[in-house]
Amino acid sequence: MIRIAIANQKGGVGKTTTAINIATAMAAAGWKTLLIDLDPQGNASTGMGIDAEDRENSSYDLLVDQYPLADCISPTSIPGLDIVPATQDLSGAEVELVSVDDRTDRLRSALAGHTDHQICFIDCPPSLGLLTLNALGAADTLLVPLQCEFFALEGLSQLLQTVERVQQRFNPDLGIIGVALTMFDRRNRLTDQVADDVRDCLGDLVFQAVIPRNVRLSEAPSHGLPALVYDHSCAGSRAYMALARELIGRLPEERKAA
Ligand code: ADP
Ligand code: MG
């Protein structure tokens, strides 16, 4: 299973929207896909239509109580897409895990040997705490949503430092598969300028597909549906389809068969 963490310690940059829609696009492309909600806010779970009262076993049980992964997976309404939902008690996990020895290794252990899915996406919380470290420790690679706004690059350098530390300490093979520009507004000259700066700075690491600011993307979660299902032809959905195609092109050939 290819494991991709969707991380950026800034809140509201499009992590969850990206996680939901790219996971849906991969499932639609025929990949057995798992979405792991690692944010105590549970936005990915809600956005997939999993009501809070229906979240029986969650990512908290997986990390803190070390339930088997299979027991924490729920189906979604999308064929080929399953989810490990998040509940509010996950917010306690940061504290509860502090004193355990393998605190940054819990997710990696939980996913080890899992072959029921071909790819998984881990939706991270907006911090660089233990939950995100677990995601970075478990991941093969990182997908970074970057909102086209003034301080975008500053936040990115902090994330890249964390990635370096994770590589040095416990996941030497962690890669970065790409940076996805989100909430792009072509009428706004500042976002245009930021997008140019980010490309100058990061080059090919930045995906060609750019996610526009699109109201359908923000409406979809309140219907418990990925935008790709809620309105598959809106500009936001089309952009996520393009991003998924590009992502597939960047995945290592030998892993695509696995
Ligand atoms: P994060 O997970 O990084 O906190 P979200 O994906 O939850 O970010 O996005 C933050 C808010 O912005 C949500 O209300 C979401 O619906 C909205 N949003 C995300 N991406 C877009 C977009 N491209 N266009 C319009 N609204 C968006
Ligand atoms: Mg989120």
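Residues numbered from 1 in each chain as written. Chains lettered and ligands numbered in written order. Predicted model: local features only at pLDDT ≥ 70, side-chain atom pairs only at ≥ 80, totals over all residues.

In the annotation of an unreviewed UniProt entry, the protein chain is listed under the name Chromosome partitioning protein ParA and assigned to Erythrobacter litoralis. Quoted verbatim from the Function (unreviewed entry) field of UniProt, the annotation for the protein chain is "Involved in chromosome partition. Localize to both poles of the predivisional cell following completion of DNA replication." (UniProt positions renumbered as here; feature names shortened; annotations may be inferred.)

The environment of ligand 1 is formed by 18 residues, the closest being G14, K15, T16, T17 and S218. When residues of the shell around ligand 1 are traced back to their parent elements, those giving at least two are α1 (15–28) and α10 (215–219). Of the residues forming the shell around ligand 1, the biggest block, three residues, is contributed by α1. (Near = placed C-beta within 6 Å. Helix = DSSP H or I, 4+ residues; strand = E, 2+ residues; numbered from the N terminus.)

Here we come to the UniProt feature "domain: AAA" (unreviewed entry) in the protein chain. Taking the numbering used here, the UniProt-annotated feature "domain: AAA" (unreviewed entry) corresponds to residues 4–175. Between the end C-alpha atoms of residues 4–175 there is a gap of 9 Å, over a span that is 40% helix and 16% strand.

Right, let's talk about unusual backbone geometry for a bit. The residue Q66 is not glycine, and still its phi comes out positive at about 55 degrees. Turning to its location among the elements, Q66 is positioned in the loop between α3 (59–63) and α4 (69–72). Here M183, not a glycine, exhibits a phi torsion of approximately 55 degrees, which is positive. One can find M183 in the loop between β7 (175–182) and α9 (189–202).

Summing up the model confidence of the protein chain, the mean pLDDT is 95 and the portion of residues at 70 or higher is 99%. Across the interfaces of the predicted complex, the ipTM metric reaches 0.99, alongside a pTM of 0.97. (pLDDT = per-residue confidence, 0-100.)

Right, let's talk about helix α8 (residues 152–169) for a bit. Compared with an ideal rise of 1.5 Å per residue, which puts 18 residues at 26 Å, α8 spans 26 Å between its outermost C-alpha atoms and is within 8% of the ideal. For α8, the elements touching its buried residues are α7 (130–138), β6 (141–147), β7 and α9. (Expected span 1.5 Å × (residues − 1). Contact = placed C-beta atoms within 7 Å.)

Moving on: the sheet that holds strand β5 (residues 119–123). Strand order in the open sheet formed by seven strands is β3-β4-β2-β5-β1-β6-β7, with mixed pairing between adjacent strands. Across the chains shown, the open sheet's two edge strands, defined by having one partner strand only, are β3 (74–75) and β7. Relative to β5, strand β1 (residues 2–6) runs parallel, the two sharing five bridges. Directly across from I6, in β5, lies its bridge partner D123. With respect to the sheet, α8 is in contact with β6 and β7, its orientation differing from that of β6 by roughly 165 degrees. (Pairing = 2+ DSSP bridges. Axes fitted to C-alpha atoms, helices over the stretch in contact; angles between N-to-C directions.)

Between α1 and helix α12 (residues 235–250), the least distance of the axes is 9 Å, while the angle of their chain directions is 65 degrees. Relative to α12, the element α1 lies roughly perpendicular. The two elements α1 and α12 cross, and the hand of that crossing is right-handed. On α12, the residues touching N21, I22, A25 and M26 of α1 are Y240, M241, L243, A244 and L247. Residue composition of the contact of α1 with α12, by class: eight nonpolar, one polar and no charged. (Parallel < 35°, antiparallel > 145°, perpendicular 65-115°, else oblique. Left-handed = near helix turned anticlockwise from the far one by under 90°. Nonpolar A, V, L, I, M, F, W, Y, C, P; charged D, E, K, R; others polar.)

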